[in-house]
Amino acid sequence: EYQASAFPLRVMVFVDGSWLYYSFHGRRPNCPVQQRYGDGWAFSNSVAFDRLPYLISQHIHQQLLRRYGTRRFVEITRT
């Protein structure tokens, strides 16, 4: 698959540590994650953080292609 531009789209991703902590350990009563996966979901599931850059880049690439017909590589930088 060829890209239309020689320049990749660069995206910086920042995961808020406090949000992440409270997402796992301080869920609110009507939490949609808990409703979907049940009580104790954080103990039986895990987040593949090493896959996030790939998943984000693929999603943005597909959106660019669908909305603008542009084929560009998406480079993710984690901060």
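What counts and how
- Residues numbered from 1 in each chain as written.
- Predicted model: local features only at pLDDT ≥ 70, side-chain atom pairs only at ≥ 80, totals over all residues.
- Heavy atoms only, no water.
- Helix = DSSP H or I, 4+ residues; strand = E, 2+ residues; numbered from the N terminus.
- Contact = heavy atoms within 4.5 Å.
- Areas by Shrake-Rupley, 256 points an atom, 1.4 Å probe, with all protein chains shown as cover.
- pLDDT = per-residue confidence, 0-100.
- Core = buried A, V, L, I, M, F, W, Y, C linked by side-chain atoms within 4.5 Å.
- Buried < 20%, exposed > 50% of the residue type's maximum accessible area, 1.4 Å probe, protein only.
- Expected span 1.5 Å × (residues − 1).
- Arc of directions from axis to C-beta.

Engineer: Could you clarify how one ought to interpret the overall build of the protein in this entry?
Structural biologist: What the protein contains, in helices and strands, is four helices and two strands. Relative to all contacts within the protein whose residues are 6 or more apart in sequence, the contacts with residues 24 or more apart total 63%. Only carbon and sulfur atoms are counted for the fraction: they give 55% of the accessible area of the protein, which is about 6600 Å².

Engineer: What am I meant to see in the confidence of the model for the protein here?
Structural biologist: Residues shown with low pLDDT carry predicted positions that ought not to be read at fine detail. Confidence in the prediction of the protein, expressed as mean pLDDT, is 81, and 85% of residues score 70 or more. Mean pLDDT in the protein bottoms out at helix α1 (residues 17–25), which sits at 70, and peaks at helix α4 (residues 52–68), which reaches 91.

Engineer: Honestly, the nonpolar core in this entry has me stumped. Any pointers?
Structural biologist: Across soluble globular proteins, you tend to see nonpolar side chains buried next to one another. If you look at the biggest cluster of nonpolar residues, it comprises five residues: V11, V13, L64, V74 and I76. When residues of this core are traced back to their parent elements, those giving at least two are β1 (9–13) and β2 (74–78). What V13 contacts, discounting residues up to four positions off in sequence, is I56, I76, T77, R78 and T79.

Engineer: Which parts of the structure should I look at to understand α4?
Structural biologist: In an α-helix there are 3.6 residues to a turn, and that puts residues three or four apart on one side. In this model α4 runs 24 Å from its N-terminal to its C-terminal C-alpha over 17 residues, within 8% of the 24 Å that 1.5 Å per residue would give. Among all positions of α4, only P53, S57, H61 and L64 are buried. The buried residues of α4 occupy an angular sector of 65° when projected down its axis, which confines them to one face. In α4, the exposed positions angled more than 90 degrees off the buried face are occupied by R66 and R67.

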